[in-house]
Every structure is written in structure tokens, then in C-alpha cells.
Amino acid sequence: MTGFLGQTLLYIVPFLLVLTFIVTIHELGHFLVARAFGVKIDRFSIGFGKTIVARTDRRGTEWRLAWLPLGGYVKFAGDLDASSVPDQAGLAELKQRVVAEGGAGAERDYFHFKPIWQRALIVAAGPAANFLLAMVLFTVLFSVVGEQIVAPRVARVSPGTPAAEAGFQPRDLILAVNGQPVLEGAEVTRIVIMSAGDPLRFTVDRGGRQVFLTATPERRVEDDELAGRVRIARIGLEMSPLAQDFKYRRLNPLEAAGKGVDTIGDTVATTGTYIGRIFTGKESGDLLNGPLGIAKAAGGVTRQAVAANPDPVWMAANLALTFLQFAAIVSIGIGIVNLLPIPVLDGGHLLFYGYEAVARRPVPARVQEVGYRVGLALLAGLMLFATWNDLQKLSLFKFLGGLA
């Protein structure tokens, strides 16, 4: 029992806390922009299922805390279904009912009768809130911790690997990859991971002279504490910078915010590249995580933060900073996923609004119905695929054995 409770505290609780916090911020983005445009809102719920506590504010919005902490939702007045995009007949029927109940002009308080640009901004505000949250968290992190730049210095070249065949040597300093200057080892790692099977041209400083090397990353299976067992692209280099390769600087809030924006941009670009490589058949999708993978990562960062320093004060500080970084990364991921042009997601709503703006009428009911069925199927398929990935990477039976 103790083992089960320990595993629950380590994996499930951090996962639920992070997920609920991030999804609540996402929904708060929708809520705040909708309220700014005068939209009538029936409910703002944190969690799903049976209500724990609820109250109604002076504008008639019910604020609700539910027992299942898996995110939350905003319900606009007049929502006919999950799509929030009724067809022409549905709009006419809704308007007739609203006017009958509230009088002429009452429909102006309803989301569906707002101008397209307002509806689009309300929908986009959810993902935007995720990116804004990530920027705030990164700004705090970079303001508190500062920035450390560790140059990509080669320490060891594994025999029989692409790096060895390319001619890399210990103490080589990587200056650029494919003509793009690199300052940190993490940049080199990110490029290599996203380039399985693609030749990479390295510019290297070797004792004061430039050397040009070409290596093609190969996939290999690795066990990672946070990601589990994954097939990941490598070239066979180990980095170990010299003392002069470390640079550290404190950032003021403005510089920290700029660094946060850069980090978000890099993460979005890397994610977009990876998704594109999946669709072109260059990646298998091994690195996609579902709920189990995120829970595993949450438990991993918790364990690392606790183990870093046994002193209670330092432990608390490590936990706080680690979870800020983890929450920022997950928030970016949720923002990206919600912008995918799949019906039932925010990106699908925006796609429908684009059609409505051009055609001057909502998407036909039949098209919406088919679109949402396809969207649900795609989303369910993506979740099943990600969950299967999680099971493969986490060695689930071994994990369950640890719960006994």
C-alpha cells in the first residue's frame, strides 16, 4: 500500500496539478476575452463531474469546482453542442428563442451572434493564454536563475558511430550545423534528434582551425528517466565542455521575457518540424507523449528535484523551479495541439470561421456533422497512438509491478 501511495504521489498528483492549472489558464483565456466582448457565459468549471462547490456571480456566471481534476471548460450561453458553431437553421432558431425570452437585441450578448473577428479572437485566446503562461513562467525562471550558455565541446566519440566515421575528435568545438551557428550543446542535440537519416554538415573548431565534417544521425534505443524507452536519433558524441566554455549571465525582466519568447519559438519550431516529419514518413512518432508519458515525466522531474539537494529549503526551491519549467513546456504543447486544424479543437473552430468569413454563411450543418465526427476520430486515434507509445516506452508491466 505504501508503494502504491508513493507512486501515486510521485506520478499522478504532480500530473493532475500541472494539467488542471494549465487547462484552467487556457479556459480563462477564452473566458476573459469573451467577457470583454460582452458575451453571456453560463459556467466556468474547474474539473469535471460532480460539483464540490459552486457560486454564481452578479453577471449570472456559475463558478464551479468539480471532483475530477482533468482540466475544465467554459460554457457560453446558447451553446447548442460541443461544436459551438451552429448552422444557419440553428442560428435562426436560437435567435428566435433568445429574442422571445429577452426582447429585441438580447441576441447581442450571445457568442454565436458576435462578429466573426470577435468569435475568432475568443477561440484563439485559449491557445494564446497557454503561450502567454509559458512566457510568464520562463520570464520568472530566467529572472531568478539567469542564463547559462554551455558551448558544444566534444568529450568523447563513440566507436562505430556516424560521428566516428565523420572524423570527429575529442575537444572539437562545434561552431555551426548546416551553416546555422550554434552556441550550446542543447542546440546541437535538438538538431540531431530532428534529423534522423538526413546528412548534417558540421563546422568545427579544432585547435584554432576550421574543419568541415558530415554525419548522418541514426536512431537508437535509449532509456531516459523522463521519457522512458525511446528510439531517438544520435550521431555518437558526448559533450563535456572545458572551464572556458561556460558562460553565465543574470537577466533583467525584459531580457528574461525576450529569452522566454525565444524559447517558445524554438519549442514551436521543433514541434512543427517533428510533426511535419511524421507526416512525410521520416519519423515514427515515438517521441509523442500521451497522459501516461506526461505523468511519467511529472514524476521524473519531481524525483530529480527532490534528489538534487536534501536540505528542505533547497528542495522546495528546486521543486518550484522545476515545476515552473515543466508547466511552461506542457503549456506550449497544449497550445500547439489546440491550434491544429481539427474540428472539436480551437484550430477547427478557426477553420470554420475562415470559411464563414469567405462564404458569408456558417459551414453547412451536414459538413459540420461529418467534420466533427472525423475530428473526434482523429483526436481519439491520436490519443490511442500516444497512449500506446507511452505503454511501449514506460514498460508498463514493470511500472505496475512497482505499485504492488
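Because the structure is a prediction, the values reported are computed rather than measured.

Colleague: Residues and numbers for the overall build of the protein chain, please.
Modeller: Secondary structure summary: the protein chain contains 11 helices and 12 strands in total. When the 404 residues of the protein chain are sorted by exposure, 40% land in the buried category. Here the analysis covers contacts within the protein chain between residues at least 6 apart in sequence; of these, 65% occur between residues at least 24 apart. Entry remark: accessible area of the protein chain is about 21,300 Å², with carbon and sulfur atoms responsible for 63%.

Colleague: Explain unusual backbone geometry to me, using residue names and the numbers behind them.
Modeller: A positive phi angle, close to 80°, is found at Arg-171, a residue other than glycine. Residue Arg-171 is classed as exposed on the basis of its relative accessible area of 57%. Phi at Val-344 is positive, roughly 90°, even though this residue is not glycine. Structurally, Val-344 is set in the loop between α8 (312-338) and α9 (346-359). The exposure class assigned to Val-344 is partly exposed, which follows from its relative accessible area of 27%.

Colleague: Could you give an account of the nonpolar core, with specific residues and numbers?
Modeller: Ranked by internal contacts, the top residues of the largest apolar core, which has 22 residues, are Val-18, Ile-22, Ala-134, Phe-138, Val-330, Ile-332 and Ile-334. Broken down by secondary-structure element, the contributors of at least two residues to this core are α1 (2-36), α3 (116-145), α6 (253-279) and α8. It is α8 that provides the largest number of residues to this core, a total of eight residues. Grouped together as the second largest cluster of nonpolar side chains are 18 residues, Ala-166, Val-192, Val-211 and Leu-237 included.

Colleague: Go over the packing of α3 against α9, please, and point to the residues and values.
Modeller: Where α3 meets α9, the closest approach of the two axes is 9 Å, and the angle between their N-to-C directions is 165°. In terms of orientation, α3 and α9 fall into the roughly antiparallel class. The interaxial crossing formed by α3 with α9 has left-handed handedness. Within the contact between the two elements, α3 uses Ile-116, Arg-119, Ala-120, Val-123, Ala-124 and Pro-127 and α9 uses Asp-346, His-349, Leu-350, Tyr-353, Glu-356 and Ala-357. Here the contact of α3 with α9 is built from residues that sort into eight nonpolar, one polar and three charged.

Colleague: So, the packing of aromatic side chains: which residues are in play, and what are the values?
Modeller: Inspection of the entire model under this criterion finds eight aromatic pairs. Each ring, one from Phe-37 and one from Trp-117, has its centre 5.4 Å from the other, and the planes form 80°; the classification is edge-to-face. With a gap of 80 residues between them, Phe-37 in the loop between α1 and β1 (41-56) and Trp-117 in helix α3 connect regions that are remote in the sequence. On the basis of relative accessibility, which here comes to 21%, the residue Phe-37 falls in the partly exposed class. With a centroid separation of 6.1 Å and 25° between ring planes, the pair formed by Phe-138 and Phe-142 is classed as stacked. Here the residue Phe-138 and the residue Phe-142 both occupy positions in helix α3, the gap between them amounting to four residues, near one helical turn. By relative accessible area, Phe-138 is classed as buried at 5%. Overall, Phe-142 belongs to the buried group, its relative accessible area being 15%. Counting every residue linked through ring pairs, the aromatic cluster contains Phe-31, Phe-44 and Trp-63. Lying over the aromatic face of Tyr-353, Arg-119 brings its terminal NZ or CZ to 5.3 Å of the ring centre.

Rules of the game
- Residues numbered from 1 in each chain as written.
- Predicted model: local features only at pLDDT ≥ 70, side-chain atom pairs only at ≥ 80, totals over all residues.
- Heavy atoms only, no water.
- Helix = DSSP H or I, 4+ residues; strand = E, 2+ residues; numbered from the N terminus.
- Buried < 20%, exposed > 50% of the residue type's maximum accessible area, 1.4 Å probe, protein only.
- Contact = heavy atoms within 4.5 Å.
- Areas by Shrake-Rupley, 256 points an atom, 1.4 Å probe, with all protein chains shown as cover.
- Core = buried A, V, L, I, M, F, W, Y, C linked by side-chain atoms within 4.5 Å.
- Axes fitted to C-alpha atoms, helices over the stretch in contact; angles between N-to-C directions.
- Parallel < 35°, antiparallel > 145°, perpendicular 65-115°, else oblique.
- Left-handed = near helix turned anticlockwise from the far one by under 90°.
- Nonpolar A, V, L, I, M, F, W, Y, C, P; charged D, E, K, R; others polar.
- Phe/Tyr/Trp six-rings, centres within 6.5 Å; stacked < 30°, edge-to-face > 60°.
- Lys NZ or Arg CZ within 6 Å of the ring centre and 35° of its normal.

From the geometry alone we can't say anything about function, so treat these as descriptive.
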